[in-house]
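# Architecture and fold: a report
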Amino acid sequence: MDLSRRAFLQSTLAGAALTGLPFAAQASTGHTLKAQKSVQQVLPDKYPPTDVWSYNGQIPGPVLRVKQGETFSARFENGLDVDSSIHWHGIRVPNNMDGVPFITQDPVKPNDHFDYQFVAKDAGTFWYHPHLNSAEQVDRGLSGVLIVEEADPIDVDAELIWMLDDWRLGEDGKLIEDYQNLHDKAHGGRLGNVTAVNGSYNPTFDVENGARVRLRLINSSNARLYTPIIPDQSAWVIAFDGQPITPKKLEKGMLRLGPGMRADIIVDISHGTDTPLQVLDQTYRGDPVKLAQLKVKGSGKSRTSPPPILAPNPLSVPDLANAERKSVVYEGGAMGRLASAKLNGTTDMPLRDLAQQKGLVWATNGNAYASLMDLEKADRLFKLNLGKSYIFSLTNKSAWIHPIHLHGHTYQLLSRNGKKLDTPMWQDTVLIYPNETVEVAFVADNPGDWMFHCHILDHAASGMIAAIAVG
Ligand code: C2O
Ligand code: CU
């Protein structure tokens, strides 16, 4: 589609939205995602399947693709008996397409639908998930991958898309439905007892010897972090959170993905035996965890040159010299020092009461928000000026790791504990370790109210959410 036609279409669509004209014609050309109950074989075959919630009966939901610069549209149909929505994680959408109930749209009721549409500005690996009671809805299986293809993709022989998720299951295959428990909230969040790739424990993928594979990893877990190991292969990380980086050799322990985060990896397959290659995770103490196996066939020779650099996305580079500074302090959780916090930004309450009466154990700059509905009515954490650059210093005064995610923007990670990164990293979610301060910078170039929260979904459900206003 040429530019003038695209501009024309956008302006007619904007006009249609303003005058309330239906735009069913556009929606029908897009994707349909129906949230529904279904079953999934998460555990090995000798165990029973698991009752899950999914998009279109698939775990993960369908892989959606759009070319960079083109218009993406999807109709969300709610086939569940609870309200829901879809958020497009990492995508810089117009505010009313961000999928956050009470903040950017009304909740989508059972049997109702909502049409999402936006121009995909940035190429990369993104994902979608509900943004209402996410600690339960995402955990039950609602998540999927959205790939925005580069205008000029790099040459590979195969692509693998791995959604990393963990499940808390009984031997009967059923989800242990202990959602909203204070222990998970006050610690590292709801960790599962079974790790899965694309909804199954340690699945096998076929690849050819010599193939250059683009592996897209997406962490859709509530709380689990991943530090992948691909034994004895030449591998490079080429993008992080969807944003291109100068290819970096994947060394053991180098790449850590918190909840919500993604990485694109190029693997040049070279494996001499029939035993499948076991891809592992080593994040926590104890034995490495099995993620997935690669069954390698053929005798092709792998490439020797490192992969090329992907073209950068059209992100606004922050003007650090003139940026305004803001500081954000996260406190709470078990073994923390938080004594009290302001419930929904108003009444100061001792932590004990917040926890026992409201199930809240976390605070952002001293505020604990009970829900998106409460957040809607509260003051914004910051009001930012459209087009201005900001440096946020984010301090974790707790004993737990937090992946902090900002909607509608992509920030540059500048430093950790005062130590500058050699090259700032574009990320939409940044891990902050206990007692660490990180600095992120961005241009507030997308107007609207944007969520700014921990992506350990059980932390978000227990106070660790906030919103900033850009305007
Ligand atoms: Cu991945 Cu506020 O979300
Ligand atoms: Cu957290």
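See the structure above.
Residues numbered from 1 in each chain as written. Chains lettered and ligands numbered in written order. Predicted model: local features only at pLDDT ≥ 70, side-chain atom pairs only at ≥ 80, totals over all residues. Heavy atoms only, no water.

### Re the overall build of the chain
- Per the secondary structure count, the chain includes seven helices and 32 strands.
- A compact globule built from 471 residues would reach a C-alpha radius of gyration of about 23 Å, and the chain, at 22 Å, matches this within 12%.
- Its C-alpha atoms give the chain principal-axis dimensions of roughly 65 × 55 × 50 Å.
- Counting every atom, the chain has about 19,400 Å² of accessible surface; 51% of that belongs to carbon and sulfur.
- Across the chain, the mean location of the 45 positive side-chain charges is 3 Å away from that of the 52 negative side-chain charges. (Helix = DSSP H or I, 4+ residues; strand = E, 2+ residues; numbered from the N terminus. Rg over C-alpha atoms; globule rule 2.2 N^0.38 Å. Areas by Shrake-Rupley, 256 points an atom, 1.4 Å probe, with all protein chains shown as cover. Lys, Arg positive; Asp, Glu negative; His and termini not counted. Charge placed at Lys NZ, Arg CZ, Asp CG, Glu CD.)

### Digging into the environment of Ser 340
- Along the chain, Ser 340 falls in strand β20 (residues 340-343).
- Here Ser 340 falls in the partly exposed class, since its relative accessible area comes to 28%.
- Separated by 27 residues in the primary sequence, Ser 340 and Asn 367 place their C-alpha atoms 9.2 Å from one another.
- Dropping the residues within four chain positions of it, Ser 340 is found in contact with Asp 348, Met 349, Pro 350 and Leu 351.
- A distance of 3.2 Å separates a polar atom in the side chain of Ser 340 from a polar atom in the side chain of Asp 348. (Buried < 20%, exposed > 50% of the residue type's maximum accessible area, 1.4 Å probe, protein only. Contact = heavy atoms within 4.5 Å. Polar contact = N/O pair within 3.5 Å; in protein donor to acceptor, adjacent residues only side chain to side chain.)

### Section: the coordination of the copper ion (ligand 2)
- Bound to the copper ion (ligand 2) are the protein donor atoms His 402 (ND1), Cys 454 (SG) and His 459 (ND1), situated 2.0 to 2.1 Å from the metal.
- For the copper ion (ligand 2), all donor residues lie on one chain, and their spacing in sequence is H-x51-C-x4-H.
- For Cys 454, a relative accessible area of 0% corresponds to the buried category.
- Judged by relative accessible area, which is 0%, His 459 ranks as buried. (Donors = N, O, S within 2.8 Å, 3.2 Å for Na, K, Ca; no water.)

### Considering the nonpolar core
- Membership of the largest hydrophobic core comes to 44 residues, with the highest contact counts inside it found for Phe 392, Leu 394, Ile 404 and Phe 452.
- Among the elements that make up this core, the one with the highest residue count is strand β31 (residues 448-454) (four residues).
- Among the nonpolar cores identified, the runner-up in size contains 32 residues, and Val 197, Ala 235, Ala 292 and Leu 431 belong to it. (Core = buried A, V, L, I, M, F, W, Y, C linked by side-chain atoms within 4.5 Å.)

### A short note on the packing of aromatic side chains
- This structure, assessed with the given rule, holds 14 aromatic pairs.
- With a centroid separation of 6.4 Å and an interplanar angle of 35°, the aromatic rings of Tyr 390 and Phe 442 are classed as tilted. Of this pair, Tyr 390 sits in strand β25 (residues 389-397) while Phe 442 sits in strand β30 (residues 437-443), and the two are 52 residues apart along the sequence.
- For Tyr 390, a relative accessible area of 1% translates into the label buried.
- Here the aromatic rings of Phe 392 and Phe 452 are separated by 5.7 Å at their centres, their planes lie at 65°, and the arrangement is edge-to-face. Of this pair, Phe 392 sits in strand β25 while Phe 452 is found in strand β31, placing the two residues 60 residues apart along the sequence.
- Overall, Phe 452 belongs to the buried group, its relative accessible area being 1%.
- A connected cluster of aromatic rings, assembled from ring pairs, spans Tyr 55, Phe 72, Phe 76, Trp 88, Phe 114, Tyr 116, Phe 118 and Tyr 128. (Phe/Tyr/Trp six-rings, centres within 6.5 Å; stacked < 30°, edge-to-face > 60°.)

### What to know about helix α5 (residues 351-358)
- When we look at burial in α5, the residues that qualify are Leu 351, Leu 354 and Ala 355. Buried residues of α5, seen end-on, are gathered within an arc of 95° and therefore sit on one face of the element. Residues of α5 that are exposed and angled more than 90 degrees away from the buried face: Arg 352, Gln 356 and Gln 357.
- Its buried side turned inward, α5 meets α4 (182-186), β20 and β21 (347-350). (Arc of directions from axis to C-beta.)

### Things to note about the sheet that holds strand β6 (residues 113-119)
- The mixed open sheet is built from four strands, whose spatial order is β2-β1-β4-β6. Each end of this open sheet is capped by a strand with a single partner; those strands are β2 (50-55) and β6. Between one strand and the next, the sheet's axes are offset by a mean angle of 20°, whatever the strand orientation. (Pairing = 2+ DSSP bridges. Axes fitted to C-alpha atoms, helices over the stretch in contact; angles between N-to-C directions.)

### What to know about the pattern of salt bridges
- Counted under the stated rule, the structure contains 28 salt bridges.
- For Lys 37, the salt bridge identified is with Asp 81, shortest N-O distance 3.6 Å. With Lys 37 in strand β1 (residues 31-40) and Asp 81 in the loop between β4 (71-78) and β5 (87-89), the pair connects residues that are 44 residues apart, well separated along the chain.
- With a relative accessible area of 55%, Asp 81 lands in the exposed category.
- With its nearest N and O atoms 2.9 Å apart, the salt bridge here joins Arg 325 to Glu 439. Here the residue Arg 325 occupies a position in strand β19 (residues 324-332), and Glu 439 occupies one in strand β30, the gap between them amounting to 114 residues.
- Given a relative accessible area of 52%, Arg 325 falls into the exposed group.
- Residue Glu 439 is classed as buried on the basis of its relative accessible area of 18%.
- A single salt-bridge network, built from bridges that share partners, covers Arg 65, Glu 149, Glu 150, Glu 159, Arg 214, Arg 216 and Asp 264. (Salt bridge = Lys/Arg side-chain N within 4 Å of Asp/Glu carboxyl O.)

### Considerations on the pairing of strand β3 (residues 64-67)
- With burial as the criterion, only one face of β3 is covered, namely that bearing Leu 64 and Val 66; the residues Arg 65 and Lys 67 on the opposite face remain uncovered.
- Alignment of β3 against strand β8 (residues 144-149), held across four bridges, turns out to be parallel. Residue Leu 64 lies in a different strand from β8, and its bridge partner there is Leu 146.

### Brief notes about the side chain of Thr 283
- Within the secondary structure layout, Thr 283 lies in the loop between β17 (277-281) and β18 (289-297).
- The exposure class assigned to Thr 283 is buried, which follows from its relative accessible area of 19%.
- Here Leu 225 takes part through its backbone oxygen, which lies 3.3 Å from a polar atom of the side chain of Thr 283.
- Discounting chain neighbours no more than four positions away, the residues touching Thr 283 are Leu 225, Tyr 226, Thr 227 and Arg 256.

### Concerning the pairing of strand β29 (residues 429-432)
- Side chains of β29 alternate between two faces, with Thr 429 and Leu 431 and Val 430 and Ile 432 buried alike.
- One ladder, built from four bridges, connects strand β26 (residues 402-406) with β29; its direction is antiparallel. Looking at β29, one finds that His 405 is bridged to Thr 429.

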